Amino acid sequence: MKFSHRLFGIVLIAISLLFVAVSPHFGLAMHHGSSLLIAGITANTFIYDTNVLIQVVPNLKRAQKFLLDTFFPNIVTSDTEYVSIDVDVGKRRMSPFVSPLVEGKLVEQRRYQTNILKPAYIKDKRAPDLRKPVRRMIGERIGGDLSGVEREMANIEFEMTDQIDMLDRRLEWMAAQALLNGTVTISGEGFATVLVDFGRAAALTVALAGAAQWGQAGVIPSTLIEQWGHLILKESGGVATDIVFTVTPWNLFLQDPVVKAAIWYPGSGAGNTIQIGAQVQRGAQYKGRWGQYNLWVYNDWYVDDSNVEQQMIPDGNIVMTGPDMMGTRAFGMILDPAFNYAALPYAPKTWVESDPAQRMLMMQSSPIVIPSRANAALSASVCAGVVS
């Protein structure tokens, strides 16, 4: 590739990141394959053991945004540190009977509630290795094609892509917590731990135990799902359209005799269409349709503050919800004059310290994930987890 083409490509990527071109689902306008896994690198060199670099292995452990994109598609920004959501709570009232000969009865207006929430704050600050700009970039021809400035720009793109990936994974974690518990716990350095409670009815967080768990004699998962769908409707007026399974509950669901009798193999007819063949996909695998429900098997992980990898939704749990929950991603004000205190989902900045010379990067955001109609979601721990 000619020098001018390579330089143009790197400049274009850097500009795209600095202006943070965000899609409706907050995906940056850039190729996801641009983040690379630096493997097999020693402390003092980027040269691999073999003299000919035959390929670069990309990072496949990227943040998956299935829960965000499926159940929290709405976007709210606030030019203050707080975000407000108006909820038309609703009440199943009936018109009053009166005599036609008397004055009409004054009926109170339907009430709504305003939920005021303070988002978390994120400041991902990095000081990239100052020596990397003068070394061969991963994927670059041994001996080097890029100038030091070009490699610095490529390194900035690499780091900022990783910052976006980490922020997206944090949002997905918040979405999982809101769906599982109806709450999100925000804790970090410099402030007290805060439990954000979205007010979901206690009956919508189910924990089966002992002989009542799926897989036990006489327990029929399809019957429980029918009951839980009615409960969501009663508590919220909303209708669940999707069921998100983890691995073990999905396997037990397939053993339900009612489900077995209803299965149609994909493409063979209308009605219930459930894929019973082995399938796995990053994020969530669509497994077909049963009754009114889209069926998903979800797999995703994150590394916690103790550096231990955990499941986003622990095995043994299922979630029932749908568009009636009106999930929202909200972003508060960026507390930085460099951004004029604007409300931005991603706020990247970079500067150079003079002595010692050091390029600095920082990504800021003030996010919270909100199930606007909290009672339109149900989570259930239906069995002991097997898959970790």
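Our structure is the block above this text.
No experiment lies behind these values; they were computed from the predicted model shown. (Residues numbered from 1 in each chain as written. Predicted model: local features only at pLDDT ≥ 70, side-chain atom pairs only at ≥ 80, totals over all residues. Heavy atoms only, no water.)

## A few points about empty space enclosed by the protein
Logical step 1: The full count for this structure, using the stated rule, is 2 cavities of 30 Å³ or more.
Logical step 2: In this model, the second largest cavity occupies a volume close to 40 Å³.
Logical step 3: In the lining of the second largest cavity, the residues fall into 4 nonpolar, 3 polar and 1 charged. (1 Å grid on protein atoms, 1.4 Å probe; cavity = no way out; pocket = protein on both sides within 12 Å on 5 of 7 lines; lining within 4 Å. Points joined across faces, edges and corners; volume = space filled by probe spheres on them. Nonpolar A, V, L, I, M, F, W, Y, C, P; charged D, E, K, R; others polar.)

## Here we look at the layout of surface pockets
Logical step 1: Approximately 1,300 Å³ is the volume attributed to the largest pocket.
Logical step 2: Along the wall of the largest pocket there are 41 residues; nearest its centre are Met166, Arg169, Arg170, Tyr302 and Val303.
Logical step 3: Only strand 4 (122-126), helix 3 (148-181), strand 5 (183-188) and strand 12 (301-303) provide two or more residues apiece to the lining of the largest pocket.
Logical step 4: Residue contributions to the lining of the largest pocket peak at 9 residues, all from helix 3. (Helix = DSSP H or I, 4+ residues; strand = E, 2+ residues; numbered from the N terminus.)

## Topic: the sheet that holds strand 19 (residues 378-381)
Backbone hydrogen bonds hold the strands of a sheet together, and the pairing may be parallel or antiparallel.
Logical step 1: One open sheet accounts for 7 strands, arranged 7-19-14-8-11-10-9; its pairing is mixed. Across the chains shown, the open sheet's two edge strands, defined by having one partner strand only, are strand 7 (205-207) and strand 9 (273-274).
Logical step 2: For strand 14 (residues 317-321) and strand 19, the ladder comprises 4 bridges, and the chain directions are antiparallel. Across the sheet, Val319 pairs through a bridge with Ser379, a residue of strand 19. (Pairing = 2+ DSSP bridges.)

## Considering the sheet that holds strand 16 (residues 347-353)
Logical step 1: If you trace the 3 strands from one edge of the open sheet to the other, you get 4-17-16, paired in antiparallel fashion. Here the strands that pair on one side only, and so sit at the sheet edges, are strand 4 and strand 16. Each neighbouring strand pair of the sheet contributes to a mean axis angle of 15°, computed without reference to strand direction.
Logical step 2: Its contacts with the sheet put helix 3 on strand 4, strand 16 and strand 17 (358-365), and the angle it makes with strand 17 is roughly 25°. (Axes fitted to C-alpha atoms, helices over the stretch in contact; angles between N-to-C directions. Contact = heavy atoms within 4.5 Å.)

## Overview of the environment of Ala338
Logical step 1: Secondary-structure assignment places Ala338 in the loop between strand 15 (327-331) and strand 16.
Logical step 2: On the accessibility criterion, Ala338 (53% relative accessible area) is exposed. (Buried < 20%, exposed > 50% of the residue type's maximum accessible area, 1.4 Å probe, protein only.)

## Describing the nonpolar core
Logical step 1: Counting 37 residues, the largest nonpolar core has Leu67 and Phe72 as its most contacted members.
Logical step 2: Contributions of two or more residues to this core are made by helix 2 (66-71), helix 3, strand 5, strand 11 (293-299), strand 15 and strand 18 (367-371).
Logical step 3: Top contributing element to this core by residue count: helix 3, with 8 residues. (Core = buried A, V, L, I, M, F, W, Y, C linked by side-chain atoms within 4.5 Å.)

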